[in-house]
Amino acid sequence: MKTIIYTVALLFAVTLPLLAQDEITLVTGETITGEIQILMPDEYYEEISFDSGDDKQRYRAHQFTTFTADGKEYRTVKFAEKYRIMEVVKDGYLSLLKFRSDESYSFNADFLHKMDGEGSEVPSFLFKKSMSNFLGDCDPIRRDIDAGNYRRRDLEQLIDDYNSCMADQTDYRITEQKKEVAREKSSTLIEEIEGLSNQASAAEDEELVNMLNDVLDKVKGGEQVPNYLKNALTDHVTGDHALKDAVEAMIARL
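Definitions and cut-offs
Here, residues in each chain are numbered from 1, in the same order as that chain's written sequence. Confidence filtering applies because this is a predicted model: local features only for residues at pLDDT of at least 70, side-chain atom pairs given and counted only at 80 or more, and all residues used for totals across whole chains, interfaces and linings. To get the side-chain values, all heavy atoms of the structure are used, and hydrogens and water are removed first. Criterion for a disulfide: a pair of cysteine sulfur atoms within 2.5 Å. For the purposes of this entry, the term helix denotes a DSSP run of H or I that reaches at least four residues, the term strand denotes a run of E that reaches at least two, and both are numbered from the N terminus. Note on classification: 1.4 Å probe, protein chains only; a residue is buried when its accessible area is under 20% of the maximum for its type, exposed when over 50%, partly exposed between these limits. Aromatic rings from Phe, Tyr and Trp, with only the six-membered ring used for Trp, were paired whenever their centres fell within 6.5 Å, and each pair was classed as stacked if the ring planes differed by under 30 degrees, edge-to-face if by over 60, and tilted otherwise. Any two strands with at least two DSSP bridges between them are considered paired. Each axis is a line fitted through C-alpha atoms, and for a helix only the stretch in contact is used; angles between axes span 0 to 180 degrees, taken between their N-to-C directions. In this analysis, two residues are considered to be in contact whenever any of their non-hydrogen atoms come within 4.5 Å of each other.

Enquirer: Which residues make up the state of the cysteines, and what values go with them?
Expert: Following the criterion strictly, the structure yields one disulfide and no others. A disulfide bridge connects Cys138 with Cys165, and the sulfur atoms are separated by 1.7 Å. Looking down the S-S bond of the Cys138 and Cys165 bridge, the torsion is 105 degrees, so its handedness is right-handed. Separated by 27 residues along the polypeptide, Cys138 in the loop between α2 (127-134) and α3 (139-146) and Cys165 in helix α4 (residues 155-202) bring together distant segments of the chain. Given the relative accessible area of 0%, Cys138 is considered buried. For Cys165, a relative accessible area of 12% translates into the label buried.

Below, the structure written as structure tokens:
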């Protein structure tokens, strides 16, 4: 029994440090694990100490993209001509980060960072003007900021509302793009049907002209072309009909 308890305790002691390991992703895309210590910032650069167990070395902020240490997430952001280590407080399209100002060791200043790479320090003064400019790509948010509906203490709520606004705008753009694709497809199909109708008319095939005109009315009205009409067209152009291939290709796109 004592042997079993000792074995379990030993396994737990070995496993716990592995689970607690920090992780860093280098700019090369390589991810490595070990023990990370954030070092005091220099005027021109920031760096960490990384101990893999077999080797100990330093990485400057421009050499990695993200890392986790002591359960917290950090990322590299270039700000004010310097690659800085920033702590992730709130993640999203617009993220709230904290950085070290004036070469302080503690992460004591707020920074907003958009997914497209644009960033802005959150000022203590002129908050309204700064945020209105930075978040002006969402009109409702900009109007609310200008109206004084957000103050410095409402920063996290502002981030949530801005991210919701951008998600809505993204959904709207996707919907409009789908509509535009559908309109282009419909326009191309209409031109194709009209061309077939003109060819059928030139060949004095009035029955085919009438069926194609029925299809044209359905497509222009945004309606589904019924199967009976598709089948009638297919049956009409059997054999050696001159428009057989063109009509069947058109039917396949309905």
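Enquirer: Could you give an account of the packing of aromatic side chains, with specific residues and numbers?
Expert: All chains considered together, the criterion is met by eight aromatic pairs. When the ring of Phe79 is compared with that of Phe99, the centres are 5.4 Å apart and the planes differ by 70 degrees; the resulting orientation is edge-to-face. Here Phe79, found in strand β6 (residues 72-79), pairs with Phe99, found in strand β8 (residues 94-99); they are 20 residues apart in sequence, far enough to count as distant. Taken together, the aromatic side chains of Phe64, Phe67, Tyr74 and Phe107 make up a single cluster linked through ring pairs.

Enquirer: Pulling in residues and values, what's your account of the sheet that holds strand β1 (residues 22-26)?
Expert: Taking strand neighbours across the sheet as the criterion, the ten strands line up as β4-β3-β2-β1-β5-β6-β7-β8-β9-β10 in an open arrangement whose pairing is antiparallel. The open sheet terminates on both sides in strands that have one partner only, identified here as β4 (56-60) and β10 (119-121). Pairs of neighbouring strands in the sheet enclose a mean axial angle of 40 degrees, with direction left out of account. In the sheet, β8 pairs with strand β9 (residues 109-114) via six bridges, with the strands oriented antiparallel. Bridge assignment links Leu96 to a residue of β9, and that residue is Leu112. Across the sheet, α2 lies against β8, β9 and β10, angled at about 175 degrees from β10, the strand it touches most. Against the sheet, α4 contacts β7 (82-90), β8 and β9, and its axis sits at roughly 150 degrees relative to β8.

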